[in-house]
Amino acid sequence: MLKKILIITGDAGESFEILYASHRLREAGYTPVIAAPAVKRMNLVMHDFEPGWDTYVERKGYLVMADISFDDVNTADYTAVLMPGGRAPEYLRNDERVIKIVKEFYTTGKYVFAICHGTQILVTAGLVDKKNIACYEHVKSEVEACGGIYVKNDEAVQDGKIVTGKTWQSHPEFYKIVFSCLEH
């Protein structure tokens, strides 16, 4: 059984979502592999909600080293792919390598996990049509415009091989589903 999980991110990826994923996967015996546009130290960010703000605030986060570049990804080497949020998905969804990778995971019947803004990559890859999708509320219109069904009341949801979550606040529900998928 493959024990490697590909994590797709880049500069401005959400620190907590990336680090939490890496740590939880390691604890469960998986090897997280962080793929980015290039092998380098990435500048991550922290998104939080503050009273008086109409949207989240962004602060500088941790530095994380990418393990491999998108050019070096062989999807056959991995059990699943995970796309955390932050602002990284906003520009990564325009990278043809990322869309090809994500579609390949899906068409070969592997799990595709996305949380928060990571869902923007699913939208661009054409994988939300007629699917129940949990995502950050400001990604809702993109999901619905592409035929997806925005799930309002659940923090995380599985629809076939796609598992989505709303924000880092959804980690308990999201990872309960993720690990249930990985163990079967």
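Structure first, text after, so check above.
Residues numbered from 1 in each chain as written. Predicted model: local features only at pLDDT ≥ 70, side-chain atom pairs only at ≥ 80, totals over all residues. Heavy atoms only, no water.

### Some remarks on the sheet that holds strand S10 (residues 156-159)
If you trace the 7 strands from one edge of the open sheet to the other, you get S5-S2-S1-S6-S7-S11-S10, paired in mixed fashion. Edge strands, defined here as strands with exactly one partner in the open sheet, are strand S5 (68-69) and S10. As paired strands, strand S7 (residues 111-115) and strand S11 (residues 162-165) are joined by 4 bridges and run parallel to one another. Residue pairing across strands places Val 112 opposite Ile 162, the latter belonging to S11. Here helix H3 (residues 96-107) sits on the sheet and contacts strand S1 (4-8), strand S6 (80-83), S7 and S11; the angle it forms with S1, its principal contact strand, is near 145°. Each of S1, S6, S7, S10 and S11 touches helix H6 (residues 171-182); the most contacted strand, S7, lies at about 175° to it. (Pairing = 2+ DSSP bridges. Helix = DSSP H or I, 4+ residues; strand = E, 2+ residues; numbered from the N terminus. Contact = heavy atoms within 4.5 Å. Axes fitted to C-alpha atoms, helices over the stretch in contact; angles between N-to-C directions.)

### Comments concerning the packing of aromatic side chains
With the rule as written, the count across this model stands at 10 aromatic pairs. Here the aromatic rings of Tyr 78 and Phe 105 are separated by 6.4 Å at their centres, their planes lie at 50°, and the arrangement is tilted. One end of the pair, Tyr 78, is in the loop between S5 and S6; the other, Phe 105, is in helix H3, and 27 residues separate them in sequence. Given a relative accessible area of 0%, Phe 105 falls into the buried group. Through a chain of ring-to-ring contacts, the aromatic side chains of Phe 16, Tyr 20, Tyr 30, Trp 168, Phe 174, Tyr 175 and Phe 179 assemble into a single cluster. Lys 4 extends its terminal NZ or CZ atom over the ring of Tyr 78, reaching a point 5.0 Å from the ring centre. (Phe/Tyr/Trp six-rings, centres within 6.5 Å; stacked < 30°, edge-to-face > 60°. Buried < 20%, exposed > 50% of the residue type's maximum accessible area, 1.4 Å probe, protein only. Lys NZ or Arg CZ within 6 Å of the ring centre and 35° of its normal.)

By themselves, these are just geometric observations and shouldn't be taken as functional.
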